[in-house]
Amino acid sequence: MICLPVVSLGQHQKNTNMTHVLKNKNLEVHIDLPLESYQLSRFDWTGKITAVKFKGVYVSGSERLDCEDENKFGKGFYNEFGIETPIGFDECEEGEWFPKIGVGLLKKEGEQYSFSKAYETQPADFKVKIESKKVIIECQSQSTNGYSYALKKEIELLEDSFVIRYKLHNTGVKTIATNEYTHNFLAINKELISNDYILKFPFQIKPELFGATVNPEEKVEVGQYEIRFNSTPEEQFFFSNLSGGECVDASWELINTKSKVGIRETGSFKTSQVNLWGWKHVVSPELFFDVNVKPGQKIEWSRMYNLFEID
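Residues numbered from 1 in each chain as written. Predicted model: local features only at pLDDT ≥ 70, side-chain atom pairs only at ≥ 80, totals over all residues. Heavy atoms only, no water.

1. Examining the pattern of salt bridges
Here is the rule we go by: Salt bridges are identified by distance alone: a Lys or Arg side-chain nitrogen within 4 Å of an Asp or Glu carboxyl oxygen. Relative accessible area decides the class of each residue, using a 1.4 Å probe on protein chains only: under 20% of the type maximum gives buried, over 50% gives exposed, and in between gives partly exposed.
Under the criterion given, the structure shown has 20 salt bridges. One salt bridge in this structure joins K219 and E217, with 3.5 Å as the shortest N-O distance. On the basis of relative accessibility, which here comes to 18%, the residue K219 falls in the buried class. Residue classification places E217 among the partly exposed positions, given a relative accessible area of 26%. It is possible to trace a salt-bridge network through shared partners that takes in K134, K152, E154, E156 and R165.

2. Focus: the sheet that holds strand β7 (residues 97-100)
Two modes of strand pairing occur in sheets, parallel and antiparallel, and in both the strands are linked by backbone hydrogen bonds. As a reminder of what qualifies: Note: two strands are recorded as paired if DSSP finds a minimum of 2 bridges between them. Note on conventions: DSSP H or I runs of at least 4 residues are helices, E runs of at least 2 residues are strands, and numbering of each starts at the N terminus. Lines are fitted to the C-alpha atoms to define the axes, a helix being fitted only along its stretch in contact, and any angle between axes, read from their N-to-C directions, falls within 0 to 180 degrees.
Pairing is antiparallel across the open sheet formed by three strands, whose spatial order is β7-β8-β9. Of all strands in the sheet, those bounded by a partner on one side alone are β7 and β9 (121-123). On average, each strand axis in the sheet is tilted by 25 degrees relative to the strand beside it, whichever way the strands run. When strand β8 (residues 104-107) meets β9, the two strands line up antiparallel, connected through three bridges. Bridge pairing in β9 places L106 opposite T121.

3. As for the side chain of K219
The following threshold applies: Residue contacts are defined here by distance: any two heavy atoms, one from each residue, within 4.5 Å place the two residues in contact.
Mapped onto the elements of the fold, K219 is located in the loop between β16 (212-214) and β17 (220-222). Each residue touching K219, except ones within four places of it in the same chain, is listed here: R228, F229, N230, S231, T232, P233 and E234.

4. What about the packing of aromatic side chains?
Each aromatic ring pair is summarised here by two numbers: the centre-to-centre distance and the angle between the ring planes. Applicable threshold: A pair of Phe, Tyr and Trp rings is counted when the ring centres sit within 6.5 Å of each other, with Trp represented by its six-membered ring. The angle between the planes then sorts it: under 30 degrees is stacked, over 60 is edge-to-face, the rest tilted. Placement of a charge over a ring requires the Lys NZ or Arg CZ to be within 6 Å of the ring centre, with the centre-to-atom vector within 35 degrees of the ring normal.
Within the structure shown, the criterion is met by 24 aromatic pairs. Where F81 meets W301, the ring centres are 6.2 Å apart and the plane angle is 75 degrees; that geometry is what we call edge-to-face. Note that F81 is positioned in strand β6 (residues 79-81) and W301 in strand β25 (residues 298-309), a separation of 220 residues in sequence. Between the aromatic rings of Y166 and W301, the centroid separation amounts to 4.8 Å while the plane-to-plane angle is 5 degrees, which identifies the pairing as stacked. Residue Y166 is located in strand β13 (residues 161-170), and its partner W301 is located in strand β25; the two are separated by 135 residues in the primary sequence. Residue class for Y166 comes out buried when judged on its relative accessible area of 3%. Using a relative accessible area of 3% as the deciding quantity, one classes W301 as buried. Among the aromatic residues, those joined into a ring-pair cluster are Y38, F43, Y78, F185 and W277. Across from the ring centre of F73, 5.5 Å away, lies the NZ or CZ of R64, which sits over that ring.

5. Description of the environment of E68
Within the secondary structure layout, E68 lies in the loop between β5 (57-58) and β6. Given the relative accessible area of 87%, E68 is considered exposed. Expressed as a C-alpha distance, the spacing of E68 and V293, which sit 225 residues apart in the sequence, is 39 Å.

6. A closer look at the environment of F203
Checked against the element boundaries, F203 lands in the loop between β15 (197-200) and β16. Of the residues examined, F203 reaches a relative accessible area of 5% and is grouped as buried. Distance from F203 to Y225, taken between C-alpha atoms, is 6.3 Å for residues 22 residues apart in sequence. Once residues lying within four places of it in the same chain are set aside, the contact partners of F203 are Q224, Y225, L242, S243, V248, D249, S251 and V274.

7. As for the pairing of strand β18 (residues 226-229)
Residues I227 and F229 of β18 are buried on one face, while the alternating residues E226 and R228, pointing to the opposite face, are not. Note: β15 against β18, three bridges, orientation antiparallel. By the bridge assignment, L199 is partnered in β18 with I227. In textbook terms, the turn of a hairpin is the stretch between consecutive antiparallel strands, and for β17 and β18 this stretch comprises three residues.

Now the structure itself:
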């Protein structure tokens, strides 16, 4: 096993290796290190998976196609803590700092938190360890208003899959209550969303209990256990609470019948929040994990991604 020394990335130090690639005969997983490329306040900086290829076929895309700077938006398998409930936001005053897990401190601006706002940041401290089939990134937060934490993320490459393992240690004096999800910007073989795509879930989809339904062109067809597309959506679509609030197995499966490739995510947890966002070029199923960690305690969870060919 090749094991490089641990690299400590301070707040003003950048690592010169912009992207690390975990690779075997089937898979390539491209990972940006914490202080390179995307450095905005929304997505977790620990292990930014920018792209995945399976047997030469890309299975990942990006949030937007109409931007000059791709590092200002999401791509690949970016994850986020607290899209609606970042810890400490409601407890601090305008101009004070609150934690964004996996990023650092954000300066409060406005009465309502907005995930799309580019907040001023003070980056956390990061350490990176690279092995032959694994990248390990540790994030040590600053202490602010009773909150502090240590986040460890491991991304490991397997034969035809990769797994992301999370460990969050509450090192502060206040309970950390928020959630985490991976946005999953999916586009198989860079093909536009169309009737070649089928998105499957292991639970019954309940449209009557959706929290939000944004399907302006009615090009997204919601079935009992799967979602299809009758043509390419020119406008963004969004559905929240796909399981109707029921606690279900955290899983989805996307296949492309033209490219004959599929991808499946399986979480180590049950979830009561499943959302779906997309556009003409990408589809993003999202499985939320509830985070509730008392002071001094730790919590662990994982996400497994399997890649496969279909007949």
